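Residues per chain are reported as follows:
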Amino acid sequence: MNAIQRPILLIGKVLMDDGQPPPDSVTVQLVCRTSPRSIAYTDSKGGFSADLGSRTNSAVMMDATESWSGSMANPGSSNSRSNGGMSERDLMGCSLQASLPGFRSDSVNLANHRSLDNPDIGTIILHRIGNVEGLTISATSRMAPKDAQKAYEKGRNEFKKEKLENAQKEFEKAVTVYPKYATAWFELGRVQEERKDVEGARKSYGQALESDPKFVSPLLSLAAMSMREKQWQEAADYTGRLLKLNPMDFPQAWYFNSLANYYLKKMDLAEKSA
């Protein structure tokens, strides 16, 4: 007889160290024996919820950082998929944290958490790293009008459902209402890239950077496009800009920079980045 899978509910909040919610959605990760996997995303107020005991909800939701680093380091690792819900025993050696490049997260120990315990784990604080300027969130998001934010959220939901045409319309609506909406431009670029509109994606990523020069996500996407097209100088330039803004959180950018400089025959720079 199969054991009954009890729900292991977790709810909480993620806040910046100034007490404000993150301007964009942040990934919440379960870290077990140093191995992280995404289990939830925050809402507009920083709140999140997850049921670790559910087979459907425990599927890994990769964020950008995991997808880049995981595909390079170990594409067949257990971090890239989930076989079902977790049990209380599985939580031994596990903790909960938020994941956001440019920030370090508080950690909540889940070793003694049981299915019938109060699901509220409290607030996870993100602490800004002092020497990091470039982030994967944009300050422009807090200034977006409600209509633009609503269209953006609709676009993200449609993108998750793989309804790309609908997602593109919503993101286009968001940037029409608020042309400085850097994250909406970036998401629009992602949709266009999925739809094989390379030039459209490049323009949208460029608009994201123009709206917020310290928003690093478009730089990484543009660098990846340049690498695929073997435009080595472009790739070196994009990764160079990114690494000046954030040298801490993007090993894949160092790798791209090294490879691009290798093909440019700039061996000293290639070795340094490697």
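To be clear, the structure that these remarks concern was listed above.
The rules behind each value
Every chain is numbered on its own, with residues counted from 1 as its sequence reads. Only residues with pLDDT of at least 70 are given local features in this predicted model, and only at 80 or more are side-chain atom pairs given and counted; all residues enter the totals for whole chains, interfaces and linings. Only hydrogens and water are set aside when side-chain values are computed; all heavy atoms of the structure are taken into account. Numbering goes from the N terminus for both helices and strands, where a helix is a DSSP run of H or I of at least four residues and a strand is a run of E of at least two. By this rule the span expected of a helix is its residue count minus one, scaled by 1.5 Å. Working definition: with a 1.4 Å probe on protein chains only, accessible area under 20% of the residue-type maximum means buried, over 50% means exposed, and in between means partly exposed. Should any heavy atoms of two residues lie within 4.5 Å, those residues are counted as being in contact. At least two DSSP bridges between two strands are required for those strands to pair. Whenever a helix is involved, its axis is fitted only over the stretch in contact; in every case the axis is a line through C-alpha atoms, and angles between N-to-C directions fall within 0 to 180 degrees. Working rule for handedness: look at the near helix, and if it is turned counterclockwise from the far one by less than a right angle, call the crossing left-handed; if clockwise, right-handed. When the centres of two rings from Phe, Tyr and Trp lie within 6.5 Å, Trp using its six-membered ring, the rings pair. Their planes under 30 degrees apart give stacked, over 60 give edge-to-face, and anything left gives tilted. Pairs of cysteine sulfur atoms within 2.5 Å are identified as disulfides in what follows. An angle below 35 degrees is read as roughly parallel, one above 145 as roughly antiparallel, one from 65 to 115 as roughly perpendicular, and any other as oblique. Each residue is assigned to one class: nonpolar for Ala, Val, Leu, Ile, Met, Phe, Trp, Tyr, Cys and Pro, charged for Asp, Glu, Lys and Arg, and polar for all the others, Gly among them.

With that out of the way, let us pick up helix H4 (residues 182-194). In an α-helix, one turn spans 3.6 residues, which is why side chains three or four residues apart end up on the same side. For H4, which comprises 13 residues, the first-to-last C-alpha distance of 19 Å matches the rise-based estimate of 18 Å (1.5 Å per residue) to within 8%. Within H4, 10 of the 13 residues are buried, which leaves it mostly tucked inside the rest of the structure. The complete set of buried residues in H4 reads Ala182, Thr183, Ala184, Trp185, Phe186, Glu187, Leu188, Gly189, Val191 and Gln192. Residues of H4 that are buried sit in contact with helix H2 (146-160), helix H3 (164-177), helix H5 (198-211) and helix H6 (217-228). Count one or two residues on from H4 and you reach Lys196, which has phi positive near 65 degrees.

Tracing the chain through its elements places Ser221 in helix H6. The class for Ser221 is buried, based on a relative accessible area of 11%. For the pair formed by Ser221 and Tyr238, sequence separation is 17 residues and the distance between their alpha carbons is 9.2 Å. Apart from residues lying up to four places away in sequence, Ser221 is in contact with Phe186 and Tyr205.

Okay, the pairing of strand E8 (residues 120-128) next. Direction of pairing for strand E1 (residues 9-16) relative to E8: parallel, over a ladder of 5 bridges. Looking at the pairing, Val14 lines up with Ile124 of E8. With 3 bridges joining them, strand E6 (residues 103-105) and E8 adopt antiparallel strand pairing. Paired with Ser105 across the bridge in E8 is Leu126.

Here we come to the packing of H6 against helix H8 (residues 251-263). Where H6 meets H8, the closest approach of the two axes is 11 Å, and the angle between their N-to-C directions is 35 degrees. Considering how the two elements wind past one another, H6 and H8 form a crossing that is left-handed. Residues Leu220, Ala223, Ala224 and Met227 of H6 touch H8, and the partners they reach there are Gln252, Ala253, Phe256, Leu259 and Ala260.

Moving on to the packing of aromatic side chains. Geometrically, a pair of aromatic rings is defined through the distance of the ring centres and the angle of the planes. Considering all chains together, one arrives at 8 aromatic pairs under this definition. Measuring from ring centre to ring centre gives 5.2 Å for Tyr152 and Tyr181, while their planes differ by 35 degrees; the resulting arrangement is tilted. Of this pair, Tyr152 sits in helix H2 while Tyr181 sits in the loop between H3 and H4, placing them 29 residues apart in sequence. Summarising the burial analysis for this pair, Tyr152 and Tyr181 share the class buried. On the basis of an interplanar angle of 75 degrees and a centroid distance of 5.4 Å, the ring pair of Tyr262 and Tyr263 is categorised as edge-to-face. What links up through ring pairs into an aromatic cluster is the set Tyr152, Phe171, Tyr178 and Tyr181.

Tallying each qualifying case throughout the model produces 1 disulfide. One disulfide bridge connects Cys32 with Cys94, the sulfur atoms lying 2.0 Å from each other. The sign of the 110 degrees torsion about the S-S bond sets the Cys32-Cys94 disulfide as right-handed. You can see Cys32 sitting in strand E2 (residues 27-32) and its partner Cys94 sitting in strand E5 (residues 94-99), a full 62 residues away along the chain. Of the two residues, Cys32 and Cys94, both sit in the buried class.

A rise of 1.5 Å per residue sets the reference length of helix H7 (residues 232-245), with its 14 residues, at 20 Å; its end C-alpha atoms lie 20 Å apart and thus fit the reference within 8%. Of the surrounding elements, those touching the buried residues of H7 are H5, H6 and H8.

Axis separation between H5 and H6 bottoms out at 9 Å; the angle between their running directions is 150 degrees. Classified by the angle between their axes, H5 and H6 sit roughly antiparallel to one another. With respect to the hand of their crossing, H5 and H6 are arranged in left-handed fashion. Listed contacts from H6 to Val198, Ala201, Arg202, Tyr205, Ala208 and Leu209 of H5 are Pro218, Leu219, Ser221, Leu222, Met225 and Ser226. Residue composition of the contact of H5 with H6, grouped by class: 9 nonpolar, 2 polar and 1 charged.

All right, on to the sheet that holds E6 then. Spatially, 4 strands are ordered E4-E1-E8-E6 in an open sheet, and the strand pairing comes out mixed. Only two strands of the sheet have a single partner each, and these edge strands are strand E4 (47-51) and E6. For this sheet the average axis-to-axis angle between neighbouring strands, irrespective of direction, equals 25 degrees.

In short, the description is geometric, and any link to function would need to be established separately.
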